[in-house]
Every structure is written in structure tokens, then in C-alpha cells.
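Each chain, written out:
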Amino acid sequence: MKLQHNALIDLLQKAYSAEKAAAFAYQGHAGSVKNKTEKAAIYQIELDEWNHRKEVLEIMQQYQIPVSNWYELRFHIIGKVISFSCYIIGWFMPFYFAGSLESGNVCEYFRMKHFFNGLGITEHDVMLYEMGIKEKEHEVYFLSKIKNNKLLPLFEKLFNWGSKKSFNNVDLDAKYPVEASDVYCKAKRMEYADQDGIPRSRTYKTTT
Ligand SMILES: [Fe+2]
Ligand SMILES: [Fe+2]
């Protein structure tokens, strides 16, 4: 069966290649940190990204979607450049931008799920949900490393991601099950309260 959905096809092709870029980037990131626990955690995240790439490929093969040579080249270069840059931009920035990218990746998988469901296909729901949740875990890990860093408020202002802003509305402490996960990544912007009861603005990059 072939998919009649260009946006979904493009999203799958892009995610397949972007996972490689992420894995390359984490090779440099793990190589550049000195702390052994951080090294091990980032290496585990690299393995998660290779696993995502394998799972996305399985879905693509099922619908005879070819790998995009252009995305493969583009993300190969991006991944290698980021990997190398981790050795020269200090400790904070690799953690910050990894967290920010992971935050955006969460909704990529939920958007795929919305698109598939729109075509009446639900067989990938669990896999896509788990990939989205895994990206959220990655985001939370990177944020946990920098949330008390004095540079975070400035970067959060500049790049719209940090302890008060996220590119998705997934909350691991109050997770919806897969059947109810449709609420994830649907709104562009939403207000809801953090622990202190003050409504915060959460920005979304999703276009759905
Ligand atoms: Fe991933
Ligand atoms: Fe990730």
C-alpha cells in the first residue's frame, strides 16, 4: 500500500535522516563531556536515536517510501558539524541545544500519529507514541542538567525553550495513555499552570 499524503511522507523521510544527525551529534557530545555519568547517559540517548531511525525505516518500507538522498546528505553534514562543535563551544550549549531540539522532536512523532490516524491507520500508534515519549524523556534529561545554570534565563529568552517554555505539551508526570494522546501537539499555543499555579505560555512549533 502506498500513502497518499505528501506531508506525512516528507515527515517520515526527514525524521529518518534527522535521527542520524542526532546520533552523530551525541557522539560528539558524549566525547566532549568529562563526567562519566553524563557520558553514559548521552551514549544511551545516541542508541535511542539509532533505534528510532530503524523504527522509522520499518514504517517507510511498509509503504514503499524511499529514503531521501538529499535529507541523508544534509543531515549527515549537520550531524557531523554539531558533533565537532561540541568540542569547542563549552559545556552549556550542547546540553541546551540538545534539549531544545528534543523538545521539537516530540511533536514530530505525534504529528505523524495524527496524520496516520487521519488516513484511518492506527497500527503505528503505539510505536509513534513511544518514540514521542522517548524524545520527551531526552528533553527532560537535558533540561535537568542545565535548569540551575545562570545562562539558562538568557538562552530561554533568545531561543524560546527552557524551564518555562517547551515546544510540546507532554508532561511525563501526568502522562496520557496512547488512546488519549491525541491532545498532544495539536494546539499551537496553550496556557496552563505550573506547580505554583501561575499560567505559563507554552509555545508549539507544530503546524497541525
Ligand atoms: Fe529520536
Ligand atoms: Fe531524542
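Draft legend 1. The nonpolar core, seen in detail. L12 and Y26 are the most contacted members of the largest nonpolar core, which has 34 residues in total. At the level of secondary structure, the elements contributing two or more residues to this core comprise α1 (6-32), α2 (36-62), α3 (69-85), α4 (92-118) and α5 (125-146). Of all the elements, α1 adds the most residues to this core, at 12 residues. In this view, Y26 contacts I42, I45, E46 and E49; residues no more than four positions away in its chain are not counted. Within the second largest apolar cluster, nine residues are counted, among which are Y96, A98, L143 and L152.

Draft legend 2. Inspection of the packing of α4 against α5 at higher detail. Packing of α4 against α5 leaves a shortest axis separation of 8 Å and a crossing angle of 160°. Judged on the interaxial angle alone, α5 and α4 are roughly antiparallel. In the crossing of α4 with α5, the sense of the turn from one axis to the other is left-handed.

Draft legend 3. Quick look at the environment of C185. Residue placement: C185 occurs in the loop between α6 (152-159) and β1 (189-193). The buried category is assigned to C185, around which 24 C-beta atoms lie within 10 Å. Distance in space between the C-alpha atoms of C185 and F167 is 8.5 Å, their sequence separation being 18 residues.

Definitions and cut-offs
For every chain, the first residue of the written sequence is number 1, and numbering continues from 1 onward in sequence order. Chain letters start at A and ligand numbers start at 1, both assigned in the order the entries are written. For a predicted model such as this one, the threshold for reporting local features is a pLDDT of at least 70, and the threshold for listing and counting side-chain atom pairs is 80 or more; totals across whole chains, interfaces and linings nevertheless cover every residue. As used here, a nonpolar core is made of buried Ala, Val, Leu, Ile, Met, Phe, Trp, Tyr and Cys residues. They are joined through C-beta atoms within 7 Å. Buried residues are those with 20 or more other C-beta atoms within 10 Å of their own C-beta, exposed residues have 12 or fewer, and partly exposed residues lie in between; C-beta atoms are placed from the backbone. In this text, helices come from DSSP runs of H or I with a minimum length of four residues, and strands from runs of E with a minimum of two, each type numbered from the N-terminal end. Contact between residues is assigned whenever the C-beta positions, reconstructed from backbone atoms, fall within 7 Å. For helices, the fitted axis covers only the stretch in contact; all axes are lines through C-alpha atoms, and the angles between them, taken along N-to-C directions, range from 0 to 180 degrees. When an angle is under 35 degrees it counts as roughly parallel; over 145 it counts as roughly antiparallel; between 65 and 115 it counts as roughly perpendicular; any other value is oblique. Take the far helix as your reference; a near helix turned counterclockwise from it by less than a right angle gives a left-handed crossing, and one turned clockwise gives a right-handed crossing.

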